[in-house]
Amino acid sequence: MAQTRLAIDVGGTFTDVFVFNEDTGEIFVTKTSSTPSNPEQGILNGVEKAELKGQDIKIFSHGTTVGTNALIERKLPKTALITTKGFRDVTEIRRGTKEDIWDTYKDTAKPYIQRRDRFEVNERIDYEGTVLQAIDEEEIRVLAKKLKRRGTESIAICLINSYVNGENEAKVKKILLEELPDVYICTSSEVLPEIFEHERMSTTIINAVLGPIMSNYISKLSNEMQKRGYEEEILVLHSGGGVMTSSTVPRYAARLASSGIAAGAIASKHIAKLCGFENAIGLDMGGTSTDISLMYKGQIRITKDWSIEYGYPIGFPSIEILTIGAGGGSLAWQDEGGSLRNGPQSAGAIPGPACYGHGGTEPTNSDANVVLGRLGVTLLDGMMQLDKGKAQQAVKKIAQAFNQTIEEAASAIIEVANANMSDAVRLISVRRGYDPRDFALVAFGGAGPLHAAHLAKDLNIPKVIIPTHPGVAAAMGCLLVDVRHDISKTFVKKANEVSVEELDIQYQALRKEAKALLEEEGISEETSTLMNYMDLRYKGQWRSLAVVVPDYVTSLEEVLAAFHQEHEREFAFSDKDQIVEIYGLRVTAIGTVPKPNFPQFAPTGSLQDAYKETRPVYFDGAYVETNVYYRDKIPVYAQLQGPAIVDQLDTTTVIPPGFTAEVDAYKNIIITVN
């Protein structure tokens, strides 16, 4: 019987593989190159590298950047939009805002569907859901013939006010399916039945442009895995921090637009809880960017205000992740005002940092860490050699520009990078009403453990957690999620004017739909959980906050009290005398997927057995002789005194002078910040 759990995180450069054997408790990790032109091939290469047969795999879960890359690169199928007459340009008008309001020359990206492919039809539904003008069947059939001649591959249908009544959208879809049976078609009333036409239209369009891409991708991957003997459903991580089965992917393709990014936040949450922390900030620092997430009281922050490209929101709930251009390959440079900058430009995989020896000449964070001795010249268990001389030549450019020594310049580069990340952490914590001193910092990714301790000191975060396998933590996160769907409905009424009976009817309808989705996924009722949420706001506001609601609503008093409390924390004020308005209702359906029980270890050997070497490392303006240890040989419960360096296959951990660290029973390194 298969007892192996396989998790894969497909990145832009590397595909990370995490294998857990339930029988032995053994963990195997590896990396293989991603194949953007044929994304499923990188996954299959990873399976082969792990020497797994399909029949050996019990659960296969993965996160992918296929949807993200398709939107950014605009490699999309020919897609049409059908909307109500007079609303053709909603997706182009947007909200009339810009990402940088002061940059006159920077335009917002063009719509995913150009104007020539956006079509209007005669129909009308009023704000209460009454059909004022029905669909003209002949008009739709004539339009279908035009779309067929144009070679349309996908169609988004978004009619005005269809969020309260999807009757006209359903009729348009039915006619189009008769005329164009091979075309992917989705409606806004099925995808996101919520008010605000721009957000609803944008989400429906993104669902339509990604539908054929994700359907084709998951179909190919499923077929290839079946050939290798894997007969179960393939689980795909979505933006909300849950997974969908391969059969549901085509329906909600837009949810996969941030599939890969969410995995790291899930891993951060699990690792923090494993170490006994309910509040944690996740720091996933890779080669090009850093992803930051936040968990408070055991729950990751969720947002509905997100997008891949500014101006084109995706209305599905998503884990709130802040991404900045700070990574191992981020370039250090001098701006026109003479100040030192770091990122967001990156050396990328090719040519990469100067120390890689692949042609890069500009200074990066990796080069600075090599110059300072924090990063050794031998990585990946000897498979990769870094050139310290080329790193020094690159950093020398900054040293000469600022009349510094090479060490001072390298230290300044790292300090600027850390300052950028500190600012980002403050945005997701302090700006949201959270005090970083109440959190632990979970650092992972290839570069996270190099910077984490100094970052925590700057933010007054008391503890830093370095997981056992930081470089593939995001892949591990794919094994730690449940099947999840979010069913929502716009419901605008004053809280003091709505009856609990009316609310209960609305919630029971949403719960019925949610149960049906889980049943389609093959989830039994015994492993299903349904949670009610209510979006509330003070009358006159447009921003709302979600509050948990009991399964059966008997009173709104506790719900309103929770809203006032949350509003106080989020915005530093509340007004219990103000009228509260219900904005929307939501049910989250969770189908529990069995989680792996990672083993605890008994102490064997000594810290001396893990000793690798001693080398000079630059800290606080001077070189300090620093012990370097092999991570896999450090026994559990061992204590390390800074300064110390810990090397392993996928990353390097820096413990500065004055800091202490301890290895727990799960082999996580927990650093206590000085």
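A quick note: this is a predicted structure, and the numbers were derived from the prediction, not measured. (Residues numbered from 1 in each chain as written. Predicted model: local features only at pLDDT ≥ 70, side-chain atom pairs only at ≥ 80, totals over all residues. Heavy atoms only, no water.)

With parallel pairing, the 4 strands of this open sheet are ordered in space as β6-β5-β9-β10. Where the open sheet ends on each side, the last strands, each with one partner, are β6 (118-121) and β10 (184-187). Pairwise comparison of adjacent strand axes, ignoring direction, gives a mean angle of 20° for this sheet. With 5 bridges joining them, strand β5 (residues 79-84) and strand β9 (residues 154-158) adopt parallel strand pairing. In the strand pairing of β9, Thr83 is matched with Cys158. (Pairing = 2+ DSSP bridges. Helix = DSSP H or I, 4+ residues; strand = E, 2+ residues; numbered from the N terminus. Axes fitted to C-alpha atoms, helices over the stretch in contact; angles between N-to-C directions.)

Below, the discussion takes up the pattern of salt bridges. Evaluation of the coordinates by the stated rule reveals 37 salt bridges. Note that Glu570 and Arg301 form a salt bridge whose closest N and O atoms lie 3.3 Å from each other. Placement of the pair is Glu570 in helix α15 (residues 557-571) and Arg301 in the loop between β15 (299-300) and β16 (302-303), with a sequence separation of 269 residues. A single burial state applies to Glu570 and to Arg301, both of which are buried. Here Glu566 ties to Arg569 by a salt bridge, and the two come within 2.7 Å at their closest N and O atoms. You can see Glu566 and its partner Arg569 sitting in helix α15, 3 residues apart, about one turn around the helix. What makes Glu566 partly exposed here is its relative accessible area of 26%. Because the salt bridges share partners, they merge into one network encompassing Arg301, Glu320, Arg432, Glu566, Arg569 and Glu570. (Salt bridge = Lys/Arg side-chain N within 4 Å of Asp/Glu carboxyl O. Buried < 20%, exposed > 50% of the residue type's maximum accessible area, 1.4 Å probe, protein only.)

The subject of this paragraph is the packing of helix α11 (residues 406-428) against helix α12 (residues 448-459). Two elements in contact, α11 and α12, have axes whose closest approach is 10 Å; the angle formed by their N-to-C orientations is 60°. The orientation of α11 with respect to α12, classified from their angle, is oblique. The handedness of the crossing between α11 and α12 comes out as right-handed. Residues Ile414, Asn418, Met421, Ser422, Val425 and Arg426 of α11 pack against His451, His454, Leu455, Asp458 and Leu459 of α12. Class assignment for the residues of the contact of α11 with α12 results in 5 nonpolar, 4 polar and 2 charged. (Parallel < 35°, antiparallel > 145°, perpendicular 65-115°, else oblique. Left-handed = near helix turned anticlockwise from the far one by under 90°. Contact = heavy atoms within 4.5 Å. Nonpolar A, V, L, I, M, F, W, Y, C, P; charged D, E, K, R; others polar.)

Along the chain, Ser293 turns up in strand β14 (residues 290-296). Along the backbone, Ser293 and Ser330 are 37 residues apart, and their C-alpha atoms lie at a distance of 20 Å. When residues no more than four places from it in sequence are discounted, the contact partners of Ser293 are Ala265, Ala280, Ile281, Gly282, Glu320, Ile321 and Ile428.

Okay, the pairing of strand β23 (residues 440-444) next. Most of β23 is tucked away: 5 of the 5 residues are buried. The alternating pattern of β23 places Ala440, Val442 and Phe444 and Leu441 and Ala443 on opposite faces, both of which are buried. The pairing of strand β13 (residues 280-285) with β23 spans 5 bridges and is parallel. When the sheet's bridge partners are listed, Gly282 is paired in β23 with Val442.

The 4 strands lie next to each other as β29-β30-β32-β33, forming an open sheet whose pairing is mixed. The outermost strands of the open sheet, each flanked by one partner alone, are β29 (611-619) and β33 (652-655). Shown here is a sheet whose adjacent strand axes are inclined to one another by a mean of 25°, direction ignored. Summarising the sheet, strand β32 (residues 644-647) and β33 pair through 4 bridges and their orientation is antiparallel. Note that in β33 the partner of Val646 across the bridge is Thr653. α12 rests against β29 and β33 of the sheet, and its axis sits at about 20° to β33.

Time to look at the nonpolar core. If you look at the biggest cluster of nonpolar residues, it comprises 117 residues, and the most contacted ones within it are Phe18, Phe60, Leu210 and Met534. Looking at which element gives the most residues to this core, the answer is helix α7 (residues 197-227), with 12 residues. Sequence-distant contacts of Phe60, defined by excluding residues within four places in its chain, comprise Leu6, Ile8, Ile43, Leu221, Met225, Tyr230, Glu233, Ile234 and Leu235. Ranked by size, the runner-up nonpolar core spans 39 residues in total, among them Ala452, Tyr629, Ala638 and Ala644. (Core = buried A, V, L, I, M, F, W, Y, C linked by side-chain atoms within 4.5 Å.)

Right, let's talk about the environment of Ser318 for a bit. Note that Ser318 resides in strand β17 (residues 318-319). For the pair formed by Ser318 and Phe491, sequence separation is 173 residues and the distance between their alpha carbons is 21 Å. At 3.5 Å, the side chain of Ser318 and the backbone oxygen of Ser239 are in polar contact. (Polar contact = N/O pair within 3.5 Å; in protein donor to acceptor, adjacent residues only side chain to side chain.)

Before going further, it helps to spend a moment on unusual backbone geometry. Each neighbour pair has its own omega, and for Gly343 with Pro344 the value is 0°, a cis peptide bond. Its location among the elements puts Pro344 in strand β20 (residues 340-346). In this model, Gly642 is joined to Pro643 through a cis peptide bond whose omega is 10°. You will see that Ala572, though not glycine, has its phi angle at about 65°, which is positive. Along the polypeptide, Ala572 turns up in the loop between α15 and β28 (580-591). Assessed through its relative accessible area of 60%, Ala572 is described here as exposed.

Scanning the entire structure with this criterion turns up 13 aromatic pairs. Measuring from ring centre to ring centre gives 5.3 Å for Tyr112 and Tyr312, while their planes differ by 55°; the resulting arrangement is tilted. Of this pair, Tyr112 sits in the loop between α3 (90-93) and β6 while Tyr312 sits in the loop between β16 and β17, and the two are 200 residues apart along the sequence. The class for Tyr312 is buried, based on a relative accessible area of 1%. With a centroid separation of 5.2 Å and an interplanar angle of 75°, the aromatic rings of Tyr618 and Tyr623 are classed as edge-to-face. Residue classification places Tyr623 among the partly exposed residues on the basis of a relative accessible area of 40%. The ring of Tyr533 carries Arg586 above its face, with NZ or CZ at 4.6 Å from the centroid. Sitting over the ring of Phe601, Lys667 keeps its end group 4.2 Å from the ring centre. (Phe/Tyr/Trp six-rings, centres within 6.5 Å; stacked < 30°, edge-to-face > 60°. Lys NZ or Arg CZ within 6 Å of the ring centre and 35° of its normal.)

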